[in-house]
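Geometric and topological summary
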Amino acid sequence: MSSETENPLGPPPWLNAPPVEAYPFEDTHDLRKGPDLHPALLGLLPFIGLWRGRGQGGFPAPEDFDFAQEVRISHDGRPFLAYESRSWILDADSKPARMAERELGWWRPVLVNDRPGDEMEATMMTPDGVMELYIGRVSGTRLEMVTDAVVRTPSAQEVTAGHRLFGIVDGALLYAHEMSGMGKTLAPHLSARLLRVGG
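Remember, it's a predicted structure, so these values are computed and weren't measured experimentally.

Focus: the sheet that holds strand β1 (residues 49–57)
Spatially, the 10 strands close up into a barrel ordered β1-β2-β3-β4-β5-β6-β7-β8-β9-β10, and their pairing is antiparallel. Taken over all neighbouring pairs, the strand axes of this sheet differ in orientation by 25° on average, direction set aside. Here nine bridges tie β1 to strand β2 (residues 65–74), and the two strands are oriented antiparallel to one another. Residue pairing for β2: R52 is matched across the bridge by E70.

Brief notes about the environment of V197
Along the chain, V197 falls in strand β10 (residues 184–198). Classification of V197 as partly exposed rests on a relative accessible area of 43%. Taking the C-alpha atoms as reference points, V197 and E70, separated by 127 residues in sequence, lie 9.5 Å from one another. When sequence neighbours within four positions are dropped, the list of residues in contact with V197 reads L50, W51 and R52.

Considerations on the pattern of salt bridges
For the structure shown, the criterion picks out 12 salt bridges. Measuring nitrogen to oxygen at the nearest pair gives 2.7 Å for the salt bridge that ties R78 to D76. Measuring nitrogen to oxygen at the nearest pair gives 3.5 Å for the salt bridge that ties E119 to R137. You can see E119 sitting in strand β5 (residues 115–125) and its partner R137 sitting in strand β6 (residues 130–139), a full 18 residues away along the chain. One network of salt bridges, with partners in common, ties together R52, E70 and R86.

Points about the nonpolar core
Membership of the largest hydrophobic core comes to 26 residues, with the highest contact counts inside it found for L44, F47, I73, W107, M120, L143 and F166. When contributions to this core are tallied by element, the ones reaching two or more residues are β2, β3 (81–90), β5, β6, β7 (142–152), β8 (161–169), β9 (172–181) and β10. For L44, the residues in contact, after removing those within four places along its chain, are L81, W107, P109, M120, V138 and L143. Judged by nonpolar contacts, the second largest core, of six residues, contains V130, A156, M179 and A187.

Calculation rules
- Residues numbered from 1 in each chain as written.
- Predicted model: local features only at pLDDT ≥ 70, side-chain atom pairs only at ≥ 80, totals over all residues.
- Heavy atoms only, no water.
- Pairing = 2+ DSSP bridges.
- Helix = DSSP H or I, 4+ residues; strand = E, 2+ residues; numbered from the N terminus.
- Axes fitted to C-alpha atoms, helices over the stretch in contact; angles between N-to-C directions.
- Buried < 20%, exposed > 50% of the residue type's maximum accessible area, 1.4 Å probe, protein only.
- Contact = heavy atoms within 4.5 Å.
- Salt bridge = Lys/Arg side-chain N within 4 Å of Asp/Glu carboxyl O.
- Core = buried A, V, L, I, M, F, W, Y, C linked by side-chain atoms within 4.5 Å.

Printed below as a string of structure tokens:
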């Protein structure tokens, strides 16, 4: 059987196309440069930036631990925010001891008649196989959200629900994250105070 018979449409047009340049659209956490902020994001504007600080973690770890964290909340001109978090464990001398959690997510305001209200939706995921769908509400510089669904891979740690509270207080980003799983109801998981270092 000839190749023409096997694939009557011929080779796909991208098969011998030239290489593609770098991604051409800018993503920014700095409102002074890059694309214009989408009007739907005005309620979430205080959270946009590059944040860095310290916090404490607990459940499900057997003992509380201190950590440092960097969070980047950015936009690309469309009606959602990109959330990226990297954290690392601190030793007794506040020196980096080892890498810790990473998390990616997207925050999206709910539009009513093409206008943003105070409700929002978010997806948050970690590399250890847990993805959470959150429903939340923005009130000034306060954002609170609770899980609507949790999906996890067969090998992931059991997480069944989450509750997150973010707020801008005296120019800093403060948050508290509670989670439930492994037979326990909502318990403190992480909390931190992050200072704006960019944006």
